[in-house]
Amino acid sequence: MAFLTFTASFILLFFLLHFVTHLLAYTPEEVFTINCGSTGNSSDGQRRWTGDADTKYLSFQDGSVSGKATTQSPSTNQIPFSTARLSRSQFNYSFHVSAGTKFVRLFFYPAEYPSFPRTDASFSVQSNQFTLLNAFNASLNADAQATDTIFKEYVVNVNDGERLILTFTPSYPNSYAFINGIEVLSMPTDLYYTVDDTGFTFIDSNTLYSLGTSFALQTEYRIKAGGPEIPPQNDSGLFRDWTDEQGYFIKYNPKNNDLPGDMDGKMNITVNPDYVAPKELFRTARNMGRNATLNKMSNLTWEFPVDAGFTYVLRLHFCELDPKINEIGDRQFFIYIANRLAGRSVDVMSLSQKQKGFAVERNYAVFIPKNGTQKKFNLLLEMHPKESAAETKYSDAFLNGLEIFKISEAGSNNLAGPNPDPVQTPHNSISGQNVKAHSGSGTTIIDVVVGVGISVVFISLVILLVIVLRRKRSTKTNFKDYKSKSFTATQKASLPSNICRNFSLVEIEAATRDFDEVLIVGAGGFGHVYKGYIDGGSSPVAIKRLKPESQQGAQEFLNEIEMLSQLRHFHLVSLIGYCNDNNEMILVYDFMARGTLRDHLYGTDNPPLSWKQRL
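Note that the structure is predicted; figures quoted are calculated from it, not measured.

What counts, and where the lines are drawn
Residues numbered from 1 in each chain as written. Predicted model: local features only at pLDDT ≥ 70, side-chain atom pairs only at ≥ 80, totals over all residues. Heavy atoms only, no water. Pairing = 2+ DSSP bridges. Helix = DSSP H or I, 4+ residues; strand = E, 2+ residues; numbered from the N terminus. Buried < 20%, exposed > 50% of the residue type's maximum accessible area, 1.4 Å probe, protein only. Arc of directions from axis to C-beta. Contact = heavy atoms within 4.5 Å. Polar contact = N/O pair within 3.5 Å; in protein donor to acceptor, adjacent residues only side chain to side chain. Salt bridge = Lys/Arg side-chain N within 4 Å of Asp/Glu carboxyl O.

## Overview of the sheet that holds strand β30 (residues 520-524)
Sheets are built from strands paired through backbone hydrogen bonds, the pairs being either parallel or antiparallel. Overall, mixed pairing links the 6 strands, which are arranged β29-β33-β34-β32-β31-β30 in an open sheet. Lying at the two open borders of the sheet, with one neighbouring strand each, are β29 (501-502) and β30. Strand direction decides the pairing type here: strand β33 (residues 575-579) and strand β34 (residues 586-590), joined by 4 bridges, are antiparallel. Considered in β34, the bridge of G577 is made with V588.

Have a look at this one:
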């Protein structure tokens, strides 16, 4: 009897604890999930969706139709991506909501629909006074991202007496607008907006940045560092998707590993308020490892393409779980955003008031100016450990999670960025698309071998052609004036700028932070290779600085510029320019953020390449 009483008490205690835990999770007051172009209710296993046909949400729908994609990608969820609302004229969705802040999430599947060609989709989307998308070409964006579906998330504040209205407007007479799914979710106003706070760091500004509800936000990235994705159903009640960092984290140092953290989930983690982020976000992290010498020579680096001409807010999430870190000052680091110092001597133990397992976040705002016609800017987040042993015990840096938001323009209320350029592919890829693998494995292998052989022969012919042309026209080339003279590295050469770009030493030093050793990504007998940024920090490049004592002399330097300037191919790294100021011999190449082909084929932890990618 006593055993039964104990068992019943234990079960009751378990359910009470389970109930209290779920009370702490945020519960939205309003949730609208619309499966556009469908009828009735449906479920994707995470959410319950409502069809928009004959509902009160859809208005001004004259001319709009329901459509089902003619083909469905096997990797794409049926709900909400199998049906769509399409129209060659404007249509609206209207939601009766209470005043306050809302998540607005849009789901697109740019595919062929009956009577609606995929490439004709071009439209704008407005939410009340905010322009979310403008002349949005869904197929171009999907192709540029190499994805089947497109997901957009916004944060919009609704004032008293207002409805939340989403307006879809085709861009030109022959285009159409479409939408597959809509989610509207109420959320705490103080989650991202500045409420009863003095603001936070605005990089390159003497004033603090305050984010008021008169602005709208677009979620650009939401990242979990050092661990797998956290799906929406495992968020803190707000159905946010925390993706893994693969594709954004740049691993310079092989010791940049995952913090052991709290993988078994036994350590107590406190998140206050509890809706800021799920506790699972803090159970893993990205750190630099314990080799202080290597750490002092490198950074933790993430790279994110963003639209130029907007202000961005970065929220960095931290939680100190490392058993070796127990005191304030044990681990301190610097934070750089867009190559500018954002945080100095950041100490998570100090931010948490010496509470292990207490989650904290730091917000930073940065404005990314436009640079001519360039559409995208590579926004860098870099973290470098404090090096002085007298000031910190461990030369290390770490990060648990990151959120990046684009902020609407103050005057125009615009959040829309430009469409990407069409994806460029070699001409022979067109015919290659018609080659299909046969059912027999032997035929497939033959196709692969033939494809590899053709690629090798093609590249060899290109190189051979360049060599022949170079020898044939050696007396006519722009370099004849230099080859006829006794050029040395101590002379100032004015190489012809029509071959490639001529950088000044000042530009090179700015791009490499005066040849900062932290930016070294390669080394050898020839010298060092630095990762640098040109054109106002918008373009990453690899900068090879030759040592004066290297085997390559001035003549070989000139020959390399001539050869590489003429050798251009889709699959070969390109020479951008050179610098020969002050006896320097420097070459500037395109930067391969994900390494060379060899890095993905031999002795690597990188995911395997498909045969299509290899060819």
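## Section: unusual backbone geometry
With omega at 5 degrees, the peptide bond leading from I79 into P80 counts as cis. Inspection of the secondary structure assignment puts P80 in helix α2 (residues 78-81). Residues N272 and P273 are joined by a peptide bond in cis, for which omega reads -5 degrees. Mapped onto the secondary structure, P273 falls in the loop between β19 (258-259) and β20 (285-287). Positive phi, close to 65 degrees, is recorded for K354, a residue that is not glycine. Secondary-structure assignment places K354 in the loop between α5 (348-351) and β25 (360-368). We classify K354 as partly exposed; its relative accessible area is 42%. Although it is not a glycine, D514 sits at a positive phi angle of roughly 60 degrees. Here D514 shows up in the loop between α9 (505-511) and β30.

## Side note on helix α3 (residues 138-145)
Considered for burial, the residues of α3 that qualify are A138, S139, N141 and A142. Looking straight down α3, one finds that the buried residues subtend no more than 165 degrees of arc, so they occupy a single side. The inward-facing, buried residues of α3 contact β10 (130-137), β11 (150-158) and β13 (177-179). Note on α3: the residue one or two positions beyond its end, A146, has a positive phi of about 55 degrees.

## Regarding the side chain of R283
You can see R283 is positioned in the loop between β19 and β20. Looking at R283, its side chain comes within polar contact range of the main-chain oxygen of M267, at 3.2 Å. There is a polar contact of 3.3 Å between the side chain of R283 and the side chain of E280.

## Structural notes on the pattern of salt bridges
Should their charged atoms come close, side chains of opposite charge can pair. What the rule picks out here adds up to 25 salt bridges. When the shortest N-O distance is used, the salt bridge between R340 and D204 registers 2.7 Å. Highlighted residues: R340 in strand β24 (residues 340-346) and D204 in the loop between β15 (201-202) and β16 (217-224), separated in sequence by 136 residues. D204 gets classed as exposed once you look at its relative accessible area, which sits at 64%. In this structure, the salt-bridge partner of E327 is K354, at a minimum N-O distance of 2.7 Å. Here the residue E327 occupies a position in the loop between β22 (310-318) and β23 (333-337), and K354 occupies one in the loop between α5 and β25, the gap between them amounting to 27 residues. Accessibility expressed as a relative area gives 40% for E327, which makes it partly exposed. Within the structure, one salt-bridge network assembled from shared partners comprises R47, R105, E153, E183, R222 and E403.

None of the figures reported here should be taken as evidence of function without further support.
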